[in-house]
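Take a look at the letters that make up each chain.
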Amino acid sequence: MRLSPIDPSSYSNAHELIVRHVDLDWTVNFENSTLSGTVSLHFKTLKDDIEEIFLDANELSIASMVVKTTAGEVPLNWDVGSYVENIGSKLTIYLPMKTSGEFTVRIEYETSPKASALQWLTAEQTFGKKHPYLFSQCQAIHARSIVPCQDTPAVKFTYNATLHYPQGVTGLMSAVKTKSDPGVSYFHQSIPIPSYLLAIVVGALVEKPIGPISSVWAEQEQVDEAAEEFSQTAEFIAKAEEICGPYVWGRYDLLVMPPSFPFGGMENPCLTFVTPTLLAGDKSLATVVAHEIAHSWTGNLVTNKNFEHFWLNEGFTVFVEGKIVGRLFGNTSRDFHSLHGLSELTDCIKTQLASTPALTKLVVDLSECSPDDAFSTVPYIKGSTFLRYLEDLLGGPEKFEPFFRSYLNKFKNQSIMTNEFKKALYDWFREDPSNEEYLERIDWDRWLFGEGMPPVIPNYDRTLLDACQKHAKLWAENELEIVASSPILSETLSSIQVIEFLAQLLEKKTLKDLTAEKIALLDKTYRIHETKNAEIRFRFVRLFIRARMMDKMDEILTFLNSNFRMKFVRPIYKELAGWPEARPIAIDNYKKVKDQMMSVCAYTVSKDLGIADNSN
Ligand code: BES
Ligand code: ZN
């Protein structure tokens, strides 16, 4: 079912009227895990004589509602429709008369303690153990659980917020802080944003400057380590500006989240949220920060109109991320980064999406599927591969980057669909008739709507990948003695290469002689026990599962409970579910820890375990 003509995942009638500005006044109640207060939605109608407003709401308790007109405040009637899983409810507001132009609706309400966008941690669950902690994750469609809104990226609004919270903690939002007194802060976001970029965090946070417009925020215990890990932030921003144009958001701060943050990073404007699993000690995972920085243009300025066109956010962002990597570390690294992406995509298509091939299309149909269920690396990797294909086809970076900047400039502060990108590309490149023959070669239908791996794999530099492949082949095809005496073992691999090498190994159909001794040698050779790199640990743990090493179950569970980042926990649970002896242990562990997970993680893992209906 398509809930609205613009967006299958939103009830809003955003084709009739849109929110231009939002004023929030929130009180953070740690005692009962709620946000309470008011939201004022400043509407502008797109057609005359509007009588009803449809908004999205997810388990909100609404106390009162008024419309503000020049004549004063008039109370409003409203109706909350039936609850639909993953989607929430349609909130219908009845205007007292046919209305055109601009007007404001103020809603007094409170969130549910189970609001899907929020995670409430007790003091005990934090590092410092002294203060409770609250954070949000609104993308894709969870903003409706913290504010009644047009929860579609088709609509963008500026916002002001007043935030009240207990003294002794710090409150931050996806905006610039304009003023702060003990227990209250004021924020302003002057650039129009989609609802999914609303964000809030409250906790015992400290700040350490890491660049001219950047600080890292974390609990005291992690702030120095984080400042070191993310010391390249200013360089990433500088390179991103070379590629995309000026950075317009004023500040770029980073917030290191608690381990239950379900993603690697989230591009909340002015304040990117990142998982603590990036703290590898050697900056080897800092490209996630380059990715979130790139979103400052691709996604946050030029935004997908709905999540069927999510690749316009993520594919474009991975493409820019690759360019940042290329400019800082060279094109061999850029290409290796892309090749690593392709091996993640292969894995994802074969495992996560094996039973839902329609989700391997670049542009997906979300009329029967929530964005959380559709989420995968496909829009990221197939999308960025498509852009790289186009760049190579149309004359390389020299020709493509000017187009790319013009595209960003043309659609900034707007929300678009794939066709608008396609048209902009044709408009630009048709200026030169010699491009025509190349434009004709693009098989849009296959790229956008074909299933499986990308139809064309660009001609990447494979130098860094070859080494990984050589190691993977050695370990997969030979017995322990031969591996142990191979000269290949003396060639060292970088952390990122070890990640890829392990990924390659996991891709192999048969792994010869995968015994405890062999795994011990592997551990020793690549110093896996010493590493803090979560991407390496993740793949090593999957190797234990592959080798059916029941005696490693404690280690598997330790990793599984050390963070609730979906990229790591979902595949592990899924693989444990497919190992009959381990399945009950995995289910048991899940039940023990699921209350510490964010709801989107608990929900998706229960599906991966095949217990979605009876356990949530
Ligand atoms: N915007 C995404 C995270 C997201 C997507 C949250 C959809 C909710 C719904 C973010 O920019 C992202 O892509 N993060 C990646 C890291 C990146 C380097 C691929 C992640 O979380 O792993
Ligand atoms: Zn992203």
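Every value quoted in this text rests on a predicted model; they were computed, and no experiment measured them.

(A) Spotlight on the pairing of strand E14 (residues 184-193). In the sheet, strand E11 (residues 157-164) pairs with E14 via seven bridges, with the strands oriented antiparallel. By the bridge assignment for E14, Asn160 is matched with His188. Bridge count for strand E13 (residues 176-181) against E14 is five bridges, and the pairing is antiparallel. Opposite Lys177, over in E14, you have Phe187 as the bridge partner.

(B) Up close: unusual backbone geometry. Cis peptide bonds are those with omega within 30 degrees of zero, and the linkage from Gln139 to Ala140 qualifies with 0°. Residue position: Ala140 is located in the loop between strand E10 (133-136) and E11. The residue Asn86 is not glycine, and still its phi comes out positive at about 75°. Considering the arrangement of structural elements, one finds Asn86 in the loop between strand E6 (77-80) and strand E7 (89-99).

(C) Structural detail: the coordination of the zinc ion (ligand 2). The protein atoms that coordinate the zinc ion (ligand 2) are His291 (NE2), His295 (NE2), Glu314 (OE) and Glu314 (OE), at distances of 1.9 to 2.8 Å. One can describe the site at the zinc ion (ligand 2) as irregular: its six donor atoms subtend angles covering 52 to 159° at the metal. When the donors of the zinc ion (ligand 2) are listed by position in the chain, the intervening gaps give H-x3-H-x18-E. In this pair, His295 is assigned in the loop between helix H3 (287-294) and strand E21 (302-304) and Glu314 in helix H4 (residues 311-329), connecting sequence segments 19 residues apart. Among the residues examined, Glu314 registers a relative accessible area of 2% and is labelled buried.

(D) Examining the environment of Thr377 more closely. Here Thr377 shows up in the loop between helix H6 (371-374) and helix H7 (378-393). On a C-alpha basis, the gap between Thr377 and Gly315 in space is 9.3 Å, while along the polypeptide they are 62 residues apart. Apart from residues no more than four positions distant in its own chain, Thr377 is found in contact with Glu344, Leu345, Cys348 and Lys382.

(E) Inspection of the domain arrangement of the protein chain at higher detail. Its domain assignment divides the protein chain into domain 1 (1-194), domain 2 (205-461) and domain 3 (463-615). For domain 2 versus domain 3, the separation of C-alpha centres amounts to 26 Å. Domain 2 puts 30 residues into the contact, and the matching count from domain 3 is 33 residues. Buried area between domain 2 and domain 3, summed over both chains or domains, comes out near 2600 Å², and the portion from carbon and sulfur atoms is 53%. Contact with domain 3 buries surface across domain 2, with Pro262, Thr277 and Phe336 losing the most and accounting together for 24% of the total. Of the charged contacts, one joins Lys350 and Glu507 as a salt bridge, the two residues approaching to 2.7 Å between their closest N and O atoms. Remark: the boundary between domain 2 and domain 3 carries 14 residue pairs in polar contact (both at pLDDT 80 or more).

(F) Looking closely at the nonpolar core. Residues Leu24, Phe230, Phe421 and Leu425 are the most contacted members of the largest nonpolar core, which totals 218 residues. Look past the residues within four positions of Phe421 in its chain and what remains in contact with it is Trp311, Leu312, Phe316, Leu387, Leu390, Phe403, Tyr407, Ile416 and Trp444.

(G) Quick look at the site of ligand 1. In the neighbourhood of ligand 1, 17 residues make up the surrounding shell, with Gln139, Gly264, Glu267, Glu292 and Tyr380 lying closest. Gly264 is positioned such that a nitrogen or oxygen atom in its backbone is 2.5 Å from an oxygen atom of ligand 1. Taking Glu314, its side chain carries an N or O atom lying 3.0 Å from a nitrogen atom of ligand 1. Here ligand 1 loses 89% of its free accessible area of 520 Å² to cover by the protein chains. Counting only elements with at least two residues in the shell around ligand 1, the list comes to strand E19 (265-266) and H3. Of the residues in the shell around ligand 1, the class split is seven nonpolar, six polar and four charged. Built from parts of two domains, the shell around ligand 1 gets at least three residues from each of domain 1 (1-194) and domain 2 (205-461).

(H) Representation of the sheet that holds strand E9 (residues 118-121) within the structure. Pairing in this open sheet of four strands is antiparallel, and the strands run E9-E10-E15-E12 from one edge to the other. Lying at the two open borders of the sheet, with one neighbouring strand each, are E9 and strand E12 (170-173). Neighbour to neighbour, the strand axes of the sheet diverge by 10° on average, direction disregarded. In the sheet, E12 pairs with strand E15 (residues 200-203) via four bridges, with the strands oriented antiparallel. Counted as the bridge partner of Thr170 is Gly203 from E15.

(I) Just the environment of Phe568, in detail. In this fold, Phe568 is placed in helix H18 (residues 566-577). Classification of Phe568 by relative accessible area gives buried; the value is 0%. Phe568 sits 187 residues away from Ile381 along the chain, and the two C-alpha atoms are 18 Å apart.

Analysis parameters
- Residues numbered from 1 in each chain as written.
- Chains lettered and ligands numbered in written order.
- Predicted model: local features only at pLDDT ≥ 70, side-chain atom pairs only at ≥ 80, totals over all residues.
- Heavy atoms only, no water.
- Pairing = 2+ DSSP bridges.
- Helix = DSSP H or I, 4+ residues; strand = E, 2+ residues; numbered from the N terminus.
- Donors = N, O, S within 2.8 Å, 3.2 Å for Na, K, Ca; no water.
- Tetrahedral: all angles 85-135°; square planar, octahedral: opposite > 155°, others 65-115°.
- Buried < 20%, exposed > 50% of the residue type's maximum accessible area, 1.4 Å probe, protein only.
- Contact = heavy atoms within 4.5 Å.
- Domains from an automatic or database assignment.
- Buried area = accessible area lost by both parts, 1.4 Å probe.
- Salt bridge = Lys/Arg side-chain N within 4 Å of Asp/Glu carboxyl O.
- Polar contact = N/O pair within 3.5 Å; in protein donor to acceptor, adjacent residues only side chain to side chain.
- Core = buried A, V, L, I, M, F, W, Y, C linked by side-chain atoms within 4.5 Å.
- Near = heavy atom within 4 Å.
- Areas by Shrake-Rupley, 256 points an atom, 1.4 Å probe, with all protein chains shown as cover.
- Nonpolar A, V, L, I, M, F, W, Y, C, P; charged D, E, K, R; others polar.
- Axes fitted to C-alpha atoms, helices over the stretch in contact; angles between N-to-C directions.

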